[in-house]
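So the chains spell out like this:
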Amino acid sequence: MYRTVIGLADGRELFYYDSSPGQDRTAPDRRPPSPAAPAPELRRDPATGDWVVIAAHRQSRTHRPPADACPLCPSVDGRQGEIPAADYEVAVFENRFPSLSGDAGRCEVVCFTPEHDAGFADLGPDRARLVLDAWTDRTAELSARPGVVQVYCFENRGAEIGVTLSHPHGQIYAFTVTTPRTARHLAAAAAHRAATGRNLFEDLLAEARAATGRVVLAGEHWTAFVPYAARWPYEVHLYPHRRVPDLTALTEAERAEFPGLYQDLLRRFDALFGLPDPTPYVAAWHQAPRVGGEELALHLELFTVRRTADKLKYLAGTESGMDAFMNDVAPETAAQRLREAR
């Protein structure tokens with residue numbers, strides 16, 4: 001992996017990630033500087049203890065532009081986007097409309113490919129590995145920033161998810177607080193350790209691998225399985241067999257196996273409903289916070305809001321109002337359908 005850093009016209013950073021040296025990444029950002037975004041505000045809900053970000057400026061962010069005006073495509077034919085180069089492999093830049101900035105953290109956008117109509121599953125194995133290397137590099141650098149507690153890499157895909165830019169991309173959030181879901185993971189892991197003397201996430205992986213009926217895919221170093229109490233109709237968790245806190249701790253063998261297995265899983269999601277359009281999904285990397293996360297385990301959680309070919313899983317009264325999920329598909333059935341999906 002080879003990294004080049006440039007500055008955009010408004011002072012934001014952009015990182016090019018290339019698989020070979022010698023790429024010319026000197027094209028300047030010719031746009032006039034954009035006004036600095038107002039700083040988001042972190043507020044803590046006294047009734048739950050959860051942190052909430054107030055980022056009102058994001059109401060004006062770019063919303064589903066036509067393909068010929070996509071800001072994540074290379075800058076060609078006189079059209080200048082967020083990435084000045086006329087071509088690139090993987091690019092990461094500070095979000096122009098960040099949910100987190102300043103004392104609240106940092107938000108970055110990860111462009112997987114210059115191809116507007118591709119998806120992560122369409123990337124070649126070398127490009128998919130380069131994205132993994134970029135996630136890892138950004139995790140290492142952002143984790144070292146003062147005040148950063150946890151780094152979250154994720155991808156939202158599909159209009160049904162609420163994606164406002166259709167170009168294949170993900171995001172990275174550097175939080176200065178522990179997120180609510182991670183806080184619940186920490187509490188559950190501590191309770192499990194106190195009750196059993198064992199690690200919760202090691203036990204979850206071992207249980208799934210032993211049950212086999214919920215395993216979707218398995219390699220030498222990774223296993224993808226549907227969790228026992230899945231919240232979403234089609235939800236898969238992907239764990240390395242060796243418990244590590246974050247992406248930076250993976251071995252070369254674990255990194256080498258991940259892209260092929262993950263892309264196989266994504267293709268099964270696309271084949272699941274027999275539709276011509278790609279399946280919408282959220283792919284979320286759970287990484288341990290810098291302090292106090294010793295019991296947590298790196299893993300990726302992948303789920304879709306689609307429950308059948310013509311029905312979506314909406315968060316209705318129980319889910320939205322009480323955070324009490326009701327799943328319409330048995331986890332064992334979901335795993336079987338994904339194993340059979342081609």
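Structural notes, computed from the coordinates. Remember, predicted model here, so these are calculated numbers, not experimental data.

Examining the overall build of the protein chain
At step 1: If you tally the helices and strands in the protein chain, you get six helices and 15 strands.
At step 2: By the compact-globule yardstick of 20 Å for 342 residues, the protein chain fits well, its C-alpha radius of gyration being 20 Å.
At step 3: Within the protein chain, buried positions represent 50% of all 342 residues.
At step 4: Intrachain contacts of the protein chain at a sequence separation of at least 6 include 63% that bridge at least 24 residues.
At step 5: For the protein chain, the accessible area works out to roughly 15700 Å², and carbon and sulfur atoms hold 52% of it.

What to know about helix α2 (residues 180-196)
Given 3.6 residues to a turn, an α-helix orients residues that are three or four positions apart in the same direction.
At step 1: Under the 1.5 Å per step criterion, the end-to-end length of α2 is 24 Å for 17 residues, consistent within 8% with the ideal 24 Å.
At step 2: Taken as a whole, α2 has its buried residues at Thr182, His185, Ala189 and His192. On an axial view of α2, the arc spanned by its buried residues comes to 85°, and they lie on one face. Facing away from the buried surface of α2 by more than 90 degrees, the exposed residues are Ala194 and Ala195.
At step 3: For α2, the secondary structure elements touched by its buried residues are β7 (150-157), α3 (200-211), β12 (281-286) and β13 (299-304).

Notes on the environment of Glu252
At step 1: Counting through the fold element by element, Glu252 comes out in helix α4 (residues 252-271).
At step 2: In terms of polar contacts, Glu252 uses its side chain to reach the side chain of Arg129, at 2.9 Å.

Observations concerning the pattern of salt bridges
At step 1: Throughout the structure, instances matching the rule amount to 27 salt bridges.
At step 2: In this structure, Arg157 and Asp270 form a salt bridge, with 2.6 Å as the shortest nitrogen-oxygen distance. With Arg157 in strand β7 and Asp270 in helix α4, this residue pair connects regions lying 113 residues apart in the sequence.
At step 3: In this structure Arg157 comes out as buried when scored by relative accessible area, which is 16%.

With respect to the packing of aromatic side chains
At step 1: Counted under the stated rule, the structure contains 16 aromatic pairs.
At step 2: Where Trp222 meets Phe258, the ring centres are 5.2 Å apart and the plane angle is 50°; that geometry is what we call tilted. With Trp222 in strand β10 (residues 222-225) and Phe258 in helix α4, the pair connects residues that are 36 residues apart, well separated along the chain. There is no split in this pair, since Trp222 and Phe258 are both buried.
At step 3: Put simply, the rings of Phe112, Phe120, Trp135, Trp222, Phe258, Tyr262 and Trp285 touch in pairs and so form one group of aromatic residues.

Things to note about the sheet that holds strand β8 (residues 169-175)
At step 1: Here 11 strands make up an open sheet; going across it, the order is β1-β2-β5-β6-β8-β7-β12-β13-β11-β10-β9 and the pairing antiparallel. Each of the sheet's edge strands pairs with one partner strand only, and the pair in question is β1 (2-7) and β9 (215-218). Averaged over neighbouring strand pairs, the angle between their axes works out to 20° when direction is ignored.
At step 2: Inspection of the sheet shows β10 paired to strand β11 (residues 234-240) by four bridges, in the antiparallel sense. Across the sheet, Trp222 pairs through a bridge with Pro240, a residue of β11.
At step 3: In the packing of α2 onto the sheet, contacts are made with β7, β12 and β13, and the angle to β13 comes to roughly 125°.
At step 4: Where α4 meets the sheet, its contacts fall on β7, β9, β10, β11, β12 and β13, and the angle it forms with β9 comes to roughly 145°.

A few points about the packing of helix α1 (residues 125-143) against α4
At step 1: Between α1 and α4, the least distance of the axes is 9 Å, while the angle of their chain directions is 120°. By the angle between their axes, α1 is oblique relative to α4. Crossing of α1 against α4: the hand is right-handed. Residue-level inspection shows Pro125, Ala128, Arg129, Leu132, Trp135 and Thr136 of α1 in contact with α4, the latter providing Glu252, Arg255, Ala256, Phe258, Pro259 and Gln263.
At step 2: Looking at the contact of α1 with α4, its residues break down into seven nonpolar, two polar and three charged.

Some points on empty space enclosed by the protein
At step 1: Applying the stated criterion to the full structure yields one cavity of 30 Å³ or more.
At step 2: Quantified by volume, the largest cavity comes out at close to 30 Å³.
At step 3: Residue lining of the largest cavity: Trp135, Phe154, Glu155, Tyr262, Ala283, Trp285 and Leu300, and that is the complete set.
At step 4: Of all the secondary-structure elements, those providing two or more residues to the lining of the largest cavity are β7 and β12.
At step 5: Its residues assigned to classes, the lining of the largest cavity shows six nonpolar, no polar and one charged.

Quick notes on the environment of Ala189
At step 1: Structurally, Ala189 is set in helix α2.
At step 2: By relative accessible area, Ala189 is classed as buried at 0%.
At step 3: The spacing of Ala189 and Ala69 is 120 residues in sequence and 46 Å in space, taken between C-alpha atoms.
At step 4: Each residue touching Ala189, except ones within four places of it in the same chain, is listed here: Leu200, Phe201, Glu295 and Leu296.

The rules behind these values
Residues numbered from 1 in each chain as written. Predicted model: local features only at pLDDT ≥ 70, side-chain atom pairs only at ≥ 80, totals over all residues. Heavy atoms only, no water. Helix = DSSP H or I, 4+ residues; strand = E, 2+ residues; numbered from the N terminus. Rg over C-alpha atoms; globule rule 2.2 N^0.38 Å. Buried < 20%, exposed > 50% of the residue type's maximum accessible area, 1.4 Å probe, protein only. Contact = heavy atoms within 4.5 Å. Areas by Shrake-Rupley, 256 points an atom, 1.4 Å probe, with all protein chains shown as cover. Expected span 1.5 Å × (residues − 1). Arc of directions from axis to C-beta. Polar contact = N/O pair within 3.5 Å; in protein donor to acceptor, adjacent residues only side chain to side chain. Salt bridge = Lys/Arg side-chain N within 4 Å of Asp/Glu carboxyl O. Phe/Tyr/Trp six-rings, centres within 6.5 Å; stacked < 30°, edge-to-face > 60°. Pairing = 2+ DSSP bridges. Axes fitted to C-alpha atoms, helices over the stretch in contact; angles between N-to-C directions. Parallel < 35°, antiparallel > 145°, perpendicular 65-115°, else oblique. Left-handed = near helix turned anticlockwise from the far one by under 90°. Nonpolar A, V, L, I, M, F, W, Y, C, P; charged D, E, K, R; others polar. 1 Å grid on protein atoms, 1.4 Å probe; cavity = no way out; pocket = protein on both sides within 12 Å on 5 of 7 lines; lining within 4 Å. Points joined across faces, edges and corners; volume = space filled by probe spheres on them.

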